[in-house]
Amino acid sequence: DTAVSQTPKYLVTQMGNDKSIKCEQNLGHDTMYWYKQDSKKFLKIMFSYNNKELIINETVPNRFSPKSPDKAHLNLHINSLELGDSAVYFCASTKEGQGLSSTEAFFGQGTRLTVV
Amino acid sequence: SQQGEEDPQALSIQEGENATMNCSYKTSINNLQWYRQNSGRGLVHLILIRSNEREKHSGRLRVTLDTSKKSSSLLITASRAADTASYFCAPKGRGSSNTGKLIFGQGTTLQVKP
């Protein structure tokens, strides 16, 4: 079983479209993340959720909206896609419950988004 | 911020040589984690060192932590072509205020030539 799975792996779409990327973890973790990695390899944090509560919401256009229906899922919806949104998006999860030292993060395989 | 800064940005060595990468950070930490990313893949956790530890080993990997200098290093001994990848550090702050804050930098891109 894949620990953190995200779909789709590849996504090619036209400017102006709306798309979603899904992420699921079966590790029982309580914290999930979305990262964007550009062509220069910089891994930028976008959002994080702990127990379905939004923790980090970095300077990201409000066209990006995360949704966490439960602790095991964190989806990313993007409206009105732009050329600059082309990147690889990674989902990750950790266990960081109250009073616990955080554990290692597990990453999904990434979604390569290409906006044309 | 809890972001780590890796140095150097790029490193090229011959197979069999040792590779050393450094990470500096700015605030106090609970632990510091190192990850590897092979081309086109997600990050994979390598090693976690806690703030009360000074050195940790895992196979050919050795990680050191100097909290007084707010720095860590990752040493890969007897490198192999398969070690070619990007390496990232992630300092993790203490307490519940740092929940959900796992922040990476630009990483060190390591090339090991056969």
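Keep in mind that what you see is a predicted model, and the values were worked out from it rather than measured. (Residues numbered from 1 in each chain as written. Chains lettered and ligands numbered in written order. Predicted model: local features only at pLDDT ≥ 70, side-chain atom pairs only at ≥ 80, totals over all residues. Heavy atoms only, no water.)

Trainee: Which residues make up the state of the cysteines, and what values go with them?
Mentor: Defined simply, a disulfide is a covalent bond joining two cysteines at their sulfur atoms. Scanning the model with the defined rule gives two disulfides over all chains in all. The residue that forms a disulfide with Cys23(A) is Cys91(A), at a sulfur-sulfur distance of 1.8 Å. Disulfide Cys23(A) to Cys91(A): torsion about the S-S bond roughly -75°, handedness left-handed. Residue Cys23(A) is found in strand S3 (residues 19–25), and its partner Cys91(A) is found in strand S9 (residues 87–94); the two are separated by 68 residues along the sequence. Accessibility expressed as a relative area gives 0% for Cys91(A), which makes it buried. The disulfide that involves Cys23(B) links it to Cys89(B), with 2.0 Å between the sulfurs. Between Cys23(B) and Cys89(B), the S-S torsion sits near 70°, and that sign places the bridge as right-handed. Taken together, the positions of Cys23(B) in strand S3 (residues 19–24) and Cys89(B) in strand S9 (residues 85–92) put the pair 66 residues apart, joining distant regions of the chain. The two residues Cys23(B) and Cys89(B) agree in class, both being buried. (Disulfide = S-S within 2.5 Å. Helix = DSSP H or I, 4+ residues; strand = E, 2+ residues; numbered from the N terminus. Buried < 20%, exposed > 50% of the residue type's maximum accessible area, 1.4 Å probe, protein only.)

Trainee: For the layout of surface pockets, give the residues involved together with the corresponding values.
Mentor: Size it by volume and the largest pocket reaches roughly 320 Å³. Lining the largest pocket are 20 residues, and of these Gln37(A), Val88(A), Phe90(A), Arg112(A) and Gly40(B) lie nearest its centre. For the lining of the largest pocket, the element with the most residues is strand S11 (residues 111–115) of chain A, which contributes four residues. Class assignment of the residues belonging to the lining of the largest pocket gives a composition of five nonpolar, 10 polar and five charged. In this model, the second largest pocket occupies a volume close to 220 Å³. Lining the second largest pocket we find 14 residues, and of these Phe107(A), Gly108(A), Arg41(B), Gly42(B) and Val44(B) sit closest to its centre. Of all the elements in the fold, those that place two or more residues in the lining of the second largest pocket are strand S10 (106–107) of chain A together with strand S5 (43–50) of chain B. A total of three residues in the lining of the second largest pocket trace back to one element, the largest contributor, which is S5(B). Classifying every residue of the lining of the second largest pocket by side-chain character gives five nonpolar, six polar and three charged. (1 Å grid on protein atoms, 1.4 Å probe; cavity = no way out; pocket = protein on both sides within 12 Å on 5 of 7 lines; lining within 4 Å. Points joined across faces, edges and corners; volume = space filled by probe spheres on them. Nonpolar A, V, L, I, M, F, W, Y, C, P; charged D, E, K, R; others polar.)

Trainee: I'd like to hear about the environment of Gln6(A), residue by residue, with values.
Mentor: Residue and element names in this part refer to chain A. Of note, Gln-6 is situated in strand S1 (residues 4–7). C-alpha of Gln-6 to C-alpha of Gly-108: the two residues are 102 residues apart in sequence and 5.8 Å apart in space. In contact with Gln-6, other than residues within four places in its own chain, are Ile-21, Lys-22, Cys-23, Trp-34, Tyr-89, Phe-90, Cys-91, Gly-108, Gln-109, Gly-110 and Thr-111. Side-chain polar atoms of Gln-6 contact the backbone nitrogen of Cys-91, separated by 2.9 Å. There is a polar contact of 3.0 Å between the side chain of Gln-6 and the side chain of Thr-111. (Contact = heavy atoms within 4.5 Å. Polar contact = N/O pair within 3.5 Å; in protein donor to acceptor, adjacent residues only side chain to side chain.)

Trainee: Which residues make up the packing of aromatic side chains, and what values do they have?
Mentor: Residues and elements named next belong to chain B. Applying the stated criterion to the full structure yields nine aromatic pairs over all chains. Judged by centre distance (6.2 Å) and plane angle (90°), the ring pair of Phe-88 and Phe-104 falls under edge-to-face. Of this pair, Phe-88 sits in strand S9 while Phe-104 sits in the loop between S9 and strand S10 (108–113), placing them 16 residues apart in sequence. Phe-88 sits in the buried class, given a relative accessible area of 0%. Taking the relative accessible area as the measure of exposure, Phe-104 reaches 1% and is therefore buried. (Phe/Tyr/Trp six-rings, centres within 6.5 Å; stacked < 30°, edge-to-face > 60°.)

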